[in-house]
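Spelled out, the chains give:
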Amino acid sequence: LFSYFPGSPRWSKKTLKYAIATTETSIDRATLSLVFARAFARWSEATMLNFTETASDADADITIGFHAGDHGDGEPFDGPLGTLAHAFSPTNGRLHLDATETWVADGDVTRASSDAAVDLESVAVHEIGHILGLGHSSVADSIMYPTLTSRTKKVNLATDDVQGIQGLY
Ligand code: TQI
Ligand code: CA
Ligand code: ZN
Ligand code: ZN
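Residues numbered from 1 in each chain as written. Chains lettered and ligands numbered in written order. Predicted model: local features only at pLDDT ≥ 70, side-chain atom pairs only at ≥ 80, totals over all residues. Heavy atoms only, no water.

**Section: the coordination of the zinc ion (ligand 3)**
Going by this rule: The donor set comprises N, O and S atoms within 2.8 Å of the metal, extended to 3.2 Å for Na, K and Ca; water molecules are omitted, so apparent gaps in a site may simply reflect that omission. The geometry test gives tetrahedral to four donors whose angles all lie between 85 and 135 degrees, gives square planar to four donors and octahedral to six donors whose opposite members are over 155 degrees apart with all other angles between 65 and 115, and gives irregular to the rest. Segments assigned H or I by DSSP are reported as helices when at least four residues long, segments assigned E as strands when at least two residues long, and all are numbered from the N terminus. Three labels apply to residues, based on accessible area from a 1.4 Å probe with only protein chains included: buried if under 20% of the type maximum, exposed if over 50%, partly exposed otherwise in between.
Donor atoms from the polypeptide that bind the zinc ion (ligand 3) are His71 (NE2), Asp73 (OD), His86 (NE2) and His96 (ND1), placed at 2.0 to 2.1 Å. Geometry at the zinc ion (ligand 3) is tetrahedral, judged from the 4 donor atoms that bind it and their angles of 94 to 116° at the metal. Mapped onto the polypeptide sequence, the residues donating to the zinc ion (ligand 3) form the spacing pattern H-x1-D-x12-H-x9-H. On the criterion of sequence distance, the pair formed by His86 in strand S4 (residues 85–87) and His96 in strand S5 (residues 94–98) is long-range, its members being 10 residues apart. The buried category is assigned to His86, whose relative accessible area is 13%.

**As for the side chain of Ser137**
Which entries qualify depends on this criterion: A 3.5 Å cut-off defines polar contacts: any pair of N or O atoms within that distance qualifies, except that in protein one atom must be a possible hydrogen donor and the other a possible acceptor, and neighbouring residues in sequence count only when both atoms are side-chain atoms. When checking whether two residues touch, look at their non-hydrogen atoms; a contact exists if any pair is within 4.5 Å.
In this fold, Ser137 is placed in the loop between helix H2 (120–132) and helix H3 (159–168). Side-chain polar atoms of Ser137 contact the backbone oxygen of Leu1, separated by 3.3 Å. Not counting the four nearest positions on each side in its chain, Ser137 is found in contact with Leu1, Phe2, Ser142, Met144, Tyr145, Pro146 and Asp160.

**What about the packing of aromatic side chains?**
Both the distance between ring centres and the angle between the ring planes are used here to describe each pair of aromatic rings. Going by this rule: Here a Phe, Tyr or Trp ring, Trp counted by its six-membered ring, pairs with any other such ring whose centre lies within 6.5 Å, and the pair is stacked when the planes are under 30 degrees apart, edge-to-face when over 60, and tilted otherwise.
Summed over the entire model, instances satisfying the criterion amount to 4 aromatic pairs. Taking 4.7 Å as the distance between ring centres and 35° as the angle between the ring planes, the aromatic pair formed by Phe40 and Phe51 counts as tilted. You can see Phe40 sitting in helix H1 (residues 29–44) and its partner Phe51 sitting in strand S2 (residues 50–53), a full 11 residues away along the chain. In this structure Phe40 comes out as buried when scored by relative accessible area, which is 2%.

**Notes on the site of ligand 1**
Worth spelling out the cut-off: If a single non-hydrogen atom of a residue is within 4 Å of a molecule or strand, that residue counts as near it. Methods summary: accessible areas were calculated by the Shrake-Rupley approach with a probe of 1.4 Å, and residue burial reflects only the protein chains presented. Nonpolar residues are Ala, Val, Leu, Ile, Met, Phe, Trp, Tyr, Cys and Pro. Charged residues are Asp, Glu, Lys and Arg, and all others, Gly as well, are polar.
Around ligand 1, 14 residues are found, and the nearest of them are Leu84, Ala85, Glu127, Pro146 and Leu148. Measuring from an oxygen atom of ligand 1, one finds a side-chain N or O atom of His130 at 3.5 Å. Take His136: an N or O atom from its side chain is 2.9 Å from an oxygen atom of ligand 1. With the chains in place, 74% of the 570 Å² that ligand 1 exposes on its own is no longer accessible. Those elements that place two or more of their residues in the shell around ligand 1 are S4 and H2. When residues in the shell around ligand 1 are grouped by element, the largest group, 4 residues, is from H2. Residues of the shell around ligand 1, tallied by class, amount to 8 nonpolar, 5 polar and 1 charged.

Listed below in C-alpha cells is the structure:
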C-alpha cells in the first residue's frame, strides 16, 4: 500500500515547472531533457498535473541537479551505490542525484557493462513520486517500493502508485 508524508503535503497548482542543472554530470542536456520528460509524463498521465521544463532555476518549482558528497542540504551523498538520489516532500521541490553513480540515461541498463549501472529514468520516476508527496509503498512492483535492484528498469506506475497519486491530486 502507498503512503504519504506526515500531514499529506501536496502542491496546490496543476502546472509545475522544472529546471535541470547540468553541472557535475557528463550526461548531455538533450538526453537529460528527454529522460525527465518521460519520467514526468508517467505521473501527468495518471493525474491532472502538467509539467513543463524551464531553463531558469529562478522560476522553477522543481530543481533537479547532480551533486557529489556534501552539497549543503544536510544529506551528503555517499559515493558509488548506497544512496542514489533523494528528493524532499512538497513543496520543497529539490531533486538531487548522486553525481558519482554509473548512470545509464540513453541505453539499455540490463545490458550495461558495469554491475553498478543504475537506470536514471527509473530513479527519476521514483524521486518525482516523492516530490509530488508520495512516501514508500509496501507493494513490491510499485514505483514507490523502497528497493531497486541494480541493472533493472522500472518505470511503469503500478495500480498502487496510481491510487496513491490520485488520492492527492
Ligand atoms: N534514496 C532514498 C529514496 O528515494 C532516499 C529516501 C529514503 C527518501 N527515505 C526517504 C526520500 C523518504 C524521500 C522520503 O527512497 S535511494 C530507490 C528505491 C533510492 C531508492 O537512493 O535509496 C530509488 C533512490 F526505491 F529503489 F529504493 C531511488 Cl528507485
Ligand atoms: Ca551513492
Ligand atoms: Zn541533496
Ligand atoms: Zn524513495
